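Take a look at the letters that make up each chain.
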Amino acid sequence: MALNYATQMDAARKGIVTPQMKAVAAKENMDIDQLMDLIAKGQVVIPANVNHTSLDPNGIGKQLKTKINVNLGVSRDCRDLNVELDKVMDAVNLGAEAIMDLSSHGNTQPFRRKLTSECPAMIGTVPVYDAVIHYQRDLGTLTARDFIDVVRLHAEDGVDFVTLHCGLTKETVRQVKAGERKMNIVSRGGSLIFAWMSMTGEENPFYEYYDEILDICRKYDVTISLGDACRPGCLADATDRIQLGELMRLGELTERAWKKDVQVMVEGPGHVPLDQIAANMKVQQQVCHGAPFYVLGPLVTDIAPGYDHITAAIGGAVAAYNGAAFLCYVTPAEHLALPNRDDVHEGIIASKIAAHAADIAKGLPGARDQDDRMADARRKLDWDAQFAECLDPERAKAIRDSRAPGDDHSDTCSMCGKFCAVRSMNKALAGEIIDIL
Ligand code: SF4
């Protein structure tokens with residue numbers, strides 16, 4: 001049956017309740033009218049391509065739970081489609097609401113189509129990566145038309161959101177070439193566009209032909225994730241003129257998309273000192289009129305390779321508390337290697353912790369319920385109930401089992417044994433004798 005709306009935003013503006021809105025309102029315990037109002041204003045998006053048949057929809061934005069994204073995909077060094085699919089399903093089971101398919105090797109279409117026919121999570125892509133592989137030609141030989149056609153291909157394949165680095169312009173190229181930055185451009189897509197612009201002398205096709213892209217996105221209800229090609233790649237570059245200049249353009253592009261009822265997210269930094277994160281979130285909300293902010297980190301120090309899931313979780317929690325709606329996960333392999341399954345697992349859990357911590361602090365209804373159940377289970381020294389509330393029950397159980405307490409105090413853990421404060425208090429409050437020696 002033909003739909004009488006183009007996008008979720010178009011539907012919200014016409015007062016039409018879509019199945020996706022109903023699903024999101026139920027998940028978020030939100031009144032449907034309130035949700036529709038936020039979607040109509042662009043402050044919430046439901047990335048839901050009309051061709052993504054297996055999607056279990058989620059909303060991203062104001063007053064909703066913070067969502068997380070996991071980057072996966074086939075690459076030259078990891079070409080096994082099944083291994084990548086296993087990682088995708090692991091990620092979904094661990095609670096990732098979105099998967100970005102960053103495949104950069106071979107024919108990427110079968111994997112992309114498999115995702116949009118089988119995966120319930122939102123699927124995102126970065127078409128500029130795929131342009132080089134799709135055409136099997138050197139970057140400098142590609143035309144603006146080639147880039148736009150790949151966006152259309154991904155839209156037809158059912159991708160829910162596309163990262164498009166529309167805000168990098170000839171002015172950015174001039175500034176970077178003038179040596180304004182320590183780390184230049186660290187966005188993979190941004191660097192490709194910068195290189196293409198340098199080789200051809202032309203304007204960024206995603207900026208120049210933005211209206212045509214909007215028409216494609218409107219047709220399939222693809223949410224545009226306005227890429228931060230100029231995100232700072234080190235603390236020294238944070239909140240500089242190049243980053244803020246791009247953000248200003250992203251604000252303009254957000255308004256242009258909304259005029260065509262196209263849903264928009266805005267991507268953000270990057271490497272940012274802790275004291276600058278709140279200001280970055282507020283500036284984005286102001287400049288981009290409340291469009292959901294999708295942050296890549298932020299990483300709060302440059303010196304922790306091997307532990308960047310932690311530096312990103314610290315920044316992500318502060319960012320989400322101050323307005324970011326969507327966190328891109330970072331793994332311990334960041335800056336070092338392609339993440340393996342363990343890295344992916346640790347990155348997801350770190351991001352979930354950041355998102356959850358922010359949701360509690362924001363006072364979202366019910367956000368602390370699981371923590372309160374955990375506290376009850378801890379007070380009762382009910383270990384099975386504790387594991388049931390864990391973000392990662394298997395890991396928690398494995399650690400406890402590997403260092404089990406002695407038989408005469410097996411209700412405790414081996415951290416304090418018979419000196420267990422919880423046990424002592426329970427016994428004292430029950431009027432029982434406390435047998436430490
Ligand atoms: S033994 Fe110590 S760490 Fe373990 S449950 Fe009791 S108080 Fe907590």
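- The chain goes by Phosphomethylpyrimidine synthase in an unreviewed UniProt entry, where it is assigned to Candidatus Pseudoramibacter fermentans.
- Annotation of the chain in UniProt includes, under Catalytic activity (unreviewed entry), the sentence "5-amino-1-(5-phospho-beta-D-ribosyl)imidazole + S-adenosyl-L-methionine = 4-amino-2-methyl-5-(phosphooxymethyl)pyrimidine + CO + 5'-deoxyadenosine + formate + L-methionine + 3 H(+)".
- Its UniProt record gives the chain a comment under Sequence similarities (unreviewed entry), which states: "Belongs to the ThiC family."

### Here we look at the overall build of the chain
Okay, step 1: Looking only at helices and strands, one finds 19 helices and ten strands in the chain.
Okay, step 2: Relative to its length of 437 residues, the chain is compact, with a C-alpha radius of gyration of 23 Å against a globular reference of 22 Å.
Okay, step 3: In terms of principal-axis extent, the alpha carbons of the chain reach across some 80 × 50 × 40 Å.

### Observations concerning unusual backbone geometry
Okay, step 1: Of note, the amide linkage connecting P269 to G270 takes the cis form, showing an omega dihedral of 15°.
Okay, step 2: Mapping G270 onto the fold places it in the loop between β8 (264-268) and α13 (274-287).
Okay, step 3: G297 connects to P298 through a cis peptide bond whose omega is -15°.
Okay, step 4: Residue position: P298 is located in the loop between β9 (293-295) and α14 (308-321).
Okay, step 5: Of note, the phi angle at Q63 is positive, near 65°, even though the residue is not glycine.
Okay, step 6: Here Q63 lies in the loop between β2 (60-61) and β3 (67-72).
Okay, step 7: By the C-beta count within 10 Å, which is 16 here, Q63 ends up partly exposed.

### A short note on the packing of α14 against helix α15 (residues 341-362)
Okay, step 1: With their axes 8 Å apart at the nearest point, α14 and α15 run at an angle of 25° to one another. Here α14 lies roughly parallel to α15, going by the angle between them. The element α14 and its partner α15 pack so that their crossing is right-handed. Contact residues: α14 offers H309, I310, A312, A313, G316, A317, A320 and Y321, while α15 offers E346, G347, A350, S351, I353, A354, A355, A357, A358, A361 and K362.

### Considerations on α13
Okay, step 1: Between its terminal C-alpha atoms α13 stretches 21 Å, which fits the 20 Å expected from 14 residues at 1.5 Å a residue.
Okay, step 2: Considered for burial, the residues of α13 that qualify are I277, N280, M281 and Q284. The buried residues of α13 occupy one face: seen down the axis, they fall within an arc of 100°. In this structure, α13 carries D275, A279, K282 and Q286 as exposed residues pointing more than 90 degrees from its buried face.
Okay, step 3: Its buried side turned inward, α13 meets α12 (241-259), β8, β9 and α14.
Okay, step 4: Of the residues trailing α13, H289 is marked for its positive phi of about 55°.

### Considerations on the UniProt feature "binding site: [4Fe-4S] cluster" (unreviewed entry) in the chain
Okay, step 1: Feature annotation in UniProt places "binding site: [4Fe-4S] cluster" (unreviewed entry) on C413, C416 and C420, given in this structure's numbering.
Okay, step 2: Note that C413 resides in the loop between α18 (393-402) and α19 (421-429).
Okay, step 3: Given 17 C-beta atoms within a 10 Å radius, C413 is considered partly exposed.
Okay, step 4: Residues within four places of C413 in sequence aside, it is in contact with R400 and P405.
Okay, step 5: Tracing the backbone shows C420 in the loop between α18 and α19.

### Re the environment of T53
Okay, step 1: Inspection of the secondary structure assignment puts T53 in the loop between β1 (44-45) and β2.
Okay, step 2: Residue T53 is classed as exposed on the basis of its 10 C-beta neighbours within 10 Å.
Okay, step 3: In this structure the C-alpha to C-alpha distance between T53 and T116, which are 63 residues apart in sequence, comes to 6.7 Å.

### What to know about helix α5 (residues 109-118)
Okay, step 1: Within α5, burial applies to R112, L115 and T116. Within α5, the buried residues cover an arc of 90° as seen down the axis, which keeps them to one side. Seen from the buried face of α5, the exposed residues on the opposite side, beyond 90 degrees, are P110 and E118.
Okay, step 2: Structurally, α5 contributes buried residues whose contacts are with α4 (81-93), β4 (98-101) and β5 (122-125).

### Brief notes about the pairing of β4
Okay, step 1: Alternating positions in β4 separate into two faces, A98 and M100 on one and I99 and D101 on the other, with burial throughout.
Okay, step 2: One ladder, built from four bridges, connects β3 with β4; its direction is parallel. In the sheet register, N71 faces β4, and the bridge partner there is M100.
Okay, step 3: For the segment spanning β3, α4 and β4, crossover handedness is right-handed.
Okay, step 4: Where β4 lies against β5, four bridges are found, and the strand directions are parallel. Bridge pairing in β5 places D101 opposite T125.
Okay, step 5: Between the parallel pair β4 and β5, the chain is carried across by α5, and the sense of this crossover is right-handed.

Here is what the cut-offs are and how they apply
Residues numbered from 1 in each chain as written. Predicted model: local features only at pLDDT ≥ 70, side-chain atom pairs only at ≥ 80, totals over all residues. UniProt positions renumbered as here; feature names shortened; annotations may be inferred. Helix = DSSP H or I, 4+ residues; strand = E, 2+ residues; numbered from the N terminus. Rg over C-alpha atoms; globule rule 2.2 N^0.38 Å. Buried ≥ 20, exposed ≤ 12 C-beta atoms within 10 Å, placed from the backbone. Axes fitted to C-alpha atoms, helices over the stretch in contact; angles between N-to-C directions. Parallel < 35°, antiparallel > 145°, perpendicular 65-115°, else oblique. Left-handed = near helix turned anticlockwise from the far one by under 90°. Contact = placed C-beta atoms within 7 Å. Expected span 1.5 Å × (residues − 1). Arc of directions from axis to C-beta. Pairing = 2+ DSSP bridges. Right-handed = clockwise from strand over helix to strand, strands pointing away.

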